[in-house]
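Next come the chains, spelled out residue by residue.
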Amino acid sequence: MTPKKQSIKNLITKFMNYPTKNQILNERIILIKEEIEYFKKWKNREWKTAKKTQIQKEYTKILALRVLVNEISHIHDKEPPSVVATLTPATKNDSASYNHRHKTIYLHDTSIITTLHELGHHLFGKSELLACAYSVHLFKLVFPKSFKKLRWEGHKLLSISTNNKKGNQNYEWKHT
Ligand SMILES: [Zn+2]
């Protein structure tokens, strides 16, 4: 990235008020015991099955992510949001988002951490820090090995997995 592009990027990051890595990791977020336990079970059931699926893998992963969003919302005593997924190559680089008015999560890939981030907005509102802290801390607890493989780039967490150069846990977001 050229210095000019980098400075524009920094400016956008500042303008969007994204928290830093330290702010995210130091934020004390209270996770509910039931949601941690449910998430662990989901990892070994729904997500494991989806990862093994040979046909329509991405579609199966979206179904699994919907189940996760629904169950965690119920644990928080909240109506689950709608989850709309557009997984065409044209939308691949678009960021996920959450629409507060329509209570809808829009996904463009099958990243767990991104889904948790948008779910964080549904549960806790517009605060970037809360949504970041919620998704990062919950993911770290249940997927410790995957978490270690992520690298930070500003406010983003990127996968260094080899099967997808752009990263399948590409942690990038925007909001409407
Ligand atoms: Zn956000």
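Nothing here was measured: the structure is a model prediction, and the numbers come from that model.

1. Points about unusual backbone geometry
Trans peptide bonds make up the majority, and among non-glycine residues the majority have a negative phi.
Logical step 1: The phi angle at Gln56 is positive, at roughly 50°, despite the residue not being glycine.
Logical step 2: Summarising the element assignment, Gln56 is placed in the loop between helix H3 (33-52) and helix H4 (57-75).
Logical step 3: With 11 C-beta atoms packed within 10 Å, Gln56 lands in the exposed category.
Logical step 4: One non-glycine residue, Asp77, adopts positive backbone phi at about 60°.
Logical step 5: Tracing the sequence through the fold places Asp77 in the loop between H4 and strand E1 (82-85).
Logical step 6: Overall, the presence of 6 C-beta atoms within 10 Å leaves Asp77 in the exposed class.

2. Things to note about the nonpolar core
Logical step 1: Counting 31 residues, the largest nonpolar core has Val69, Ile105, Leu116 and Phe139 as its most contacted members.
Logical step 2: Broken down by element, the residue count for this core peaks at eight residues, all from helix H6 (residues 128-142).
Logical step 3: Setting aside its immediate chain neighbours within four residues, Phe139 contacts Ile112, Ile113, Leu116 and Phe147.

3. Concerning the environment of Leu130
Logical step 1: Assignment of secondary structure puts Leu130 in helix H6.
Logical step 2: Residue classification places Leu130 among the partly exposed positions, given that 18 C-beta atoms sit within 10 Å.
Logical step 3: Placed 13 residues apart in sequence, Leu130 and His117 show a C-alpha to C-alpha distance of 8.8 Å.
Logical step 4: In this structure Leu130 touches Gly120 and Phe124, once residues within four positions along its chain are discounted.

4. Considerations on the pairing of strand E3 (residues 104-107)
Logical step 1: Two elements, E1 and E3, share four bridges in a ladder whose sense is parallel. Within E3, the residue paired with Ser82 across the bridge is Thr104.
Logical step 2: Between strand E2 (residues 97-99) and E3, which pair antiparallel and follow one another directly, the connecting turn spans four residues, one of which, Lys103, has a positive phi of 45°.

5. A short note on H6
Logical step 1: In this model H6 runs 21 Å from its N-terminal to its C-terminal C-alpha over 15 residues, within 8% of the 21 Å that 1.5 Å per residue would give.
Logical step 2: Along its buried surface, H6 packs onto helix H2 (21-26), H3, helix H5 (112-124) and helix H7 (144-148).

6. Examining the packing of H3 against H4
Logical step 1: Running from N to C, H3 and H4 point in directions that differ by 165°, and their axes come no closer than 10 Å. What the angle tells us is that H3 and H4 run roughly antiparallel. Relative to H4, the crossing made by H3 is right-handed. Every residue of H4 that contacts H3 at Glu34, Glu35, Tyr38, Trp42, Glu46, Trp47 and Ala50 is listed here: Lys57, Thr60, Lys61, Ala64, Val67, Leu68, Glu71, Ile72 and Ile75.
Logical step 2: For the contact of H3 with H4, the class distribution of residues is nine nonpolar, one polar and six charged.

7. A few points about the packing of H4 against H5
In a pair of packed helices, the angle between the axes and the distance between the axes together describe the arrangement.
Logical step 1: Look at H4 against H5: their axes get within 11 Å of each other, and the N-to-C directions meet at 30°. Between H4 and H5, the angle is such that the two are roughly parallel. Seen from above, H4 lies across H5 with right-handed handedness. The residues of H5 that touch H4, namely those facing Leu65, Leu68, Val69, Ile72 and Ser73, are Thr115, Leu119 and His122.
Logical step 2: Here the contact of H4 with H5 is composed, by residue class, of five nonpolar, three polar and no charged.

8. Concerning the confidence of the model for the protein chain
Logical step 1: Of the residues in the protein chain, 82% reach a pLDDT of 70 or more, and the chain-wide mean stands at 85.
Logical step 2: Put simply, helix H1 (residues 3-16) is where the protein chain has its lowest mean pLDDT, 63, and H3 is where it has its highest, 97.
Logical step 3: Scored below 50 in pLDDT, residues 161-176 makes 38 contacts in the model with residues more than four places away or belonging to other chains.

Rules used throughout
Residues numbered from 1 in each chain as written. Predicted model: local features only at pLDDT ≥ 70, side-chain atom pairs only at ≥ 80, totals over all residues. Helix = DSSP H or I, 4+ residues; strand = E, 2+ residues; numbered from the N terminus. Buried ≥ 20, exposed ≤ 12 C-beta atoms within 10 Å, placed from the backbone. Core = buried A, V, L, I, M, F, W, Y, C linked by C-beta atoms within 7 Å. Contact = placed C-beta atoms within 7 Å. Pairing = 2+ DSSP bridges. Expected span 1.5 Å × (residues − 1). Axes fitted to C-alpha atoms, helices over the stretch in contact; angles between N-to-C directions. Parallel < 35°, antiparallel > 145°, perpendicular 65-115°, else oblique. Left-handed = near helix turned anticlockwise from the far one by under 90°. Nonpolar A, V, L, I, M, F, W, Y, C, P; charged D, E, K, R; others polar. pLDDT = per-residue confidence, 0-100.

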